[in-house]
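Close look at the chain arrangement
What follows is each chain in one-letter form.
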Amino acid sequence: MMRKVRTKRVPRAGERAAGFIFEGMKKWLPLLLILFSFGQKASAQFESVKDSVVQLYGVVMTADSLVGIPAVSVMVKGQNRGTITNNQGVFSIVVLKGDVVEFTHVTYKPKVVAVPRELKGNQYSVVQLMVEDTVYLPATIIRPRPTPQQFERDFVSSKVPDDDIEIARRNNDVAKRRVLMQTLPADGKEATSMQFRNIANRAVYSGQLPPMNLFNPAAWAEFIKAWKRGDYKRRSD
């Protein structure tokens, strides 16, 4: 009696590769689905933001004569961005649907425009009319002096500011220039000249003792002049 021998079927190389790919897809399928759904949501959000962007443009004019008003401030309320109108009163700015735009000028009453949320499309034009604003300044009362003597006293003792000639004359005073010479530091040219003089003196008296000004009559004469001028007096700050 013959027995039936069962043989184990060995999968082919192509079948093994297909099985490996199938197992990998089963493992990464949830992650792929999450990424796909996230991409769809991001694309939907981008399309929503893109649809909400509006190009707002128009002209700002006077209400009585319909003349363009230049330098009108066009600001989006609650946000630190805006623009101004040109010489003809024309402006253009990017806003979002539902934004509130305020028009302000120093000589006109402010105006507010709201961009409709249900706006179809991405462009919105306005013709904004502005009314002049009247500003009332506080009253100023001018009273005369009680007596002519008081007016004469106040007029004589009033401080008159110096003109340019008087300021230049005061700055060129000898005493002031002397003080400036002693207090101001030397500039580059003066420092270089002093350094060169010191080098020249050292080269002239090289190998010997330099002369002492203690026995120099010219130095004593300059010292006496400086003493008389008060150069050595201690100055209080």
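Up top is the structure these notes are about.
Residues numbered from 1 in each chain as written. Predicted model: local features only at pLDDT ≥ 70, side-chain atom pairs only at ≥ 80, totals over all residues. Heavy atoms only, no water.

Describing unusual backbone geometry
Although it is not a glycine, Leu66 sits at a positive phi angle of roughly 55 degrees. Mapped onto the elements of the fold, Leu66 is located in the loop between β1 (53–62) and β2 (73–76). According to the relative accessible area criterion, Leu66 is exposed, its value standing at 52%. Phi is positive for Ala71, close to 60 degrees, though the residue is something other than glycine. Along the chain, the position of Ala71 falls in the loop between β1 and β2. For Ala71, a relative accessible area of 48% gives the class partly exposed. (Helix = DSSP H or I, 4+ residues; strand = E, 2+ residues; numbered from the N terminus. Buried < 20%, exposed > 50% of the residue type's maximum accessible area, 1.4 Å probe, protein only.)

A closer look at the packing of aromatic side chains
All told, the structure shown has four aromatic pairs when counted by the stated rule. Arranged with centres 6.1 Å apart and planes meeting at 25 degrees, the rings of Phe151 and Phe155 form a pair that is stacked. Remark: Phe155 and Phe151 occur in helix α2 (residues 148–157); sequence separation between them is four residues, near one turn of the helix. Ring centres 5.9 Å apart and planes at 85 degrees place the aromatic pair Trp220 and Phe223 in the edge-to-face group. Taken together, the positions of Trp220 and Phe223, both in helix α6 (residues 217–229) and three residues apart, correspond to about one turn of that helix. What makes Trp220 partly exposed here is its relative accessible area of 41%. Among the aromatic residues, those joined into a ring-pair cluster are Trp220, Phe223 and Trp227. (Phe/Tyr/Trp six-rings, centres within 6.5 Å; stacked < 30°, edge-to-face > 60°.)

On their own, these measurements won't tell you what the molecule is for.
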